[in-house]
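# Coordinate analysis (summary)
For reference, the chains in residue letters:
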Amino acid sequence: MNIENNIRLFFDTEARDHLAITPIQGDASSRRYYRITGTEPSTIACHDPQLRTLNLHSYPFLILHALFSRHSLPVPEVLAVKAEYGLLLLEDCGSVMLQDLVNEPDNEKSAELYRNCIDILVGIQSITGDSSQIPFRFSFDHEKLMFEFDFFIEHALFNYFAAYFKRSDAGALRREFEAITETLVQPEHFVLNHRDFHSRNIMIRNGKPVLIDFQDARMGLPQYDAVSLIRDSYTDLDNELAEELKTRHYRQLKNRGVITMSDDEYLYLFDLMAFQRSIKALGTFCHQTAVLGKPVYEQSIAPTIAYLSDYIASRKELKKAGTLLLPLLENGATR
């Protein structure tokens, strides 16, 4: 049976013939999503091949869903599971993403949504747990961050932007990436991160944010998710609001006793983490565009490059990497 026929098995025999099952845009993973109409209310089906190979107690999405639900974080309801088909049936939280509201005429409304998202983020980052269990056993350690830097070198510099980068500079650039990674791997400051806490993974239902795509949560600096939201490759926030959100994030974490770093240290690590996160995003966008043939990601490349220039200008630790990336920074946005 194909995926759509398997989805119909969630419903009784009488309802199956009246269902409309429509693929919807998903993320850059192997998961596929479908909106099901013809019954009230509409629902969302997620097909994930990994679900067939894991038992329900080791499937990350369900583990994170239960964890976030216990801490009263807004996530879609899981309505049913058919693990043998790799299928989840989820509450439909609509089609309005936070991204869709950034440039609305009512700027204060979108600003308040972003403040709400920061509050939710602090809720995530306040969760603690057993370091031997999912998601706390995974982190943005040296291996993970360097994998993301290397992915950028392979798919952005050696492929998509090959005309603007000398391969002979790769060794020197990688050494700069190693030094940045050493600064960012500070387990004493690690908290739980959603990992993809950006405007396309935050749905707006009844005027309030709902989190999706949280199955890859892991430990890391609190700035990782803050960067994902505030310096999002898919949006361009007003600088005044961006600074307000940084301050809100830092003060709430500090007041809750979640972090011990100073304000200056927070801002310093925010910029370095923002550089790393943008590099990671560029690697993903170039791979999705050039290798997987998904041009929708290409439109996010130029804004991400523009962010890089800002971070490099603000921190001396990024200057050498910036020099090596200069042809990309000067020409990449207009490729």
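Let us look at the structure shown here. (Residues numbered from 1 in each chain as written. Predicted model: local features only at pLDDT ≥ 70, side-chain atom pairs only at ≥ 80, totals over all residues. Heavy atoms only, no water.)

### Some points on the overall build of the chain
Here is the rule: Here a helix means four or more residues in a row that DSSP labels H or I, a strand means two or more in a row labelled E, and each is numbered from the N terminus. As a reference, a globule follows 2.2 Å times the number of residues to the power 0.38, and the radius of gyration itself is taken over C-alpha atoms. Buried means the residue's accessible area, taken with a 1.4 Å probe over protein chains only, is under 20% of the maximum for its type, while exposed means over 50%, and partly exposed covers the values in between.
Broken down by element type, the chain carries 13 helices and nine strands. The globule rule puts the C-alpha radius of gyration for 335 residues at 20 Å, and the 21 Å found for the chain is close to it. Taken along its principal axes, the extent of the C-alpha atoms in the chain is 65 × 45 × 45 Å. Buried residues in the chain amount to 53% of all 335 residues.

### As for the environment of Arg31
Selection criterion: Pairs of residues are marked as contacts when any of their non-hydrogen atoms sit within 4.5 Å. Each polar contact in these results corresponds to two N or O atoms within 3.5 Å; when the atoms are within protein, one needs to be able to donate a hydrogen and the other to accept it, and residues that are neighboring in sequence are counted only if both atoms are side-chain atoms.
Relative to the helices and strands, Arg31 resides in the loop between β1 (20-24) and β2 (32-37). In this structure Arg31 comes out as buried when scored by relative accessible area, which is 13%. Put simply, Arg31 and Pro49 are 18 residues apart on the chain and 7.5 Å apart in space, counted from C-alpha to C-alpha. In this structure, Arg31 is in contact with Cys46, His47, Asp48, Asp213, Gln215 and Asp216, ignoring residues within four places of it in sequence. In terms of polar contacts, Arg31 uses its side chain to reach the side chain of Asp213, at 3.1 Å.

### As for the packing of helix α8 (residues 223-230) against helix α10 (residues 263-291)
A pair of packed helices can be characterised by two numbers: the angle between their axes and the separation between those axes. How we decide: Geometry is summarised by axes, namely lines fitted to C-alpha atoms with helices restricted to the contacting stretch, and by angles between N-to-C directions that run from 0 to 180 degrees. Roughly parallel here means an angle under 35 degrees, roughly antiparallel means over 145, roughly perpendicular means 65 to 115, and every remaining angle is called oblique. Less than a right angle of anticlockwise turn of the near helix away from the far helix marks a crossing as left-handed, whereas a clockwise turn marks it as right-handed. Throughout this entry, Asp, Glu, Lys and Arg are counted as charged residues, while Ala, Val, Leu, Ile, Met, Phe, Trp, Tyr, Cys and Pro are counted as nonpolar. The remaining residues, Gly among them, count as polar.
Two numbers describe how α8 lies on α10: the axes approach to 9 Å, and their chain directions differ by 65°. Classified by the angle their axes make, α8 and α10 are roughly perpendicular. The handedness of the crossing between α8 and α10 is right-handed. Facing Gln223, Tyr224, Ala226, Val227, Ser228 and Ile230 of α8, the residues of α10 in contact are Glu265, Tyr266, Leu269, Phe270, Met273, Ala274, Gln276, Arg277 and Lys280. The residue inventory of the contact of α8 with α10, partitioned by class, reads nine nonpolar, three polar and three charged.

### Focus on the pattern of salt bridges
This is how it is decided: Here, a salt bridge means any side-chain nitrogen of Lys or Arg that lies within 4 Å of a carboxyl oxygen of Asp or Glu.
Scanning the model with the defined rule gives 15 salt bridges in all. Across the pair Glu91 and Arg205 runs a salt bridge, and its minimum N-O distance is 2.3 Å. Taken together, the positions of Glu91 in strand β5 (residues 87-91) and Arg205 in strand β7 (residues 202-205) put the pair 114 residues apart, joining distant regions of the chain. In this structure Glu91 comes out as partly exposed when scored by relative accessible area, which is 24%. Across the salt bridge formed by Lys316 and Glu317, the nearest N and O atoms sit 3.1 Å from each other. For Lys316, a relative accessible area of 65% puts it in the exposed group.

### Remarks on the nonpolar core
Cut-off, in case you're wondering: Throughout this description, the term nonpolar core refers to a set of buried Ala, Val, Leu, Ile, Met, Phe, Trp, Tyr and Cys residues connected via side-chain atoms within 4.5 Å.
Ranked by size, the top nonpolar core spans 95 residues in total, and within it Phe68, Phe152, Phe177, Leu192, Leu211, Phe275 and Leu325 carry the most contacts. Ranked by the residues each element gives to this core, the list is headed by α10, at twelve residues. With twelve residues, the next largest nonpolar core counts Phe11, Ala15, Ala45 and Leu87 among its residues.

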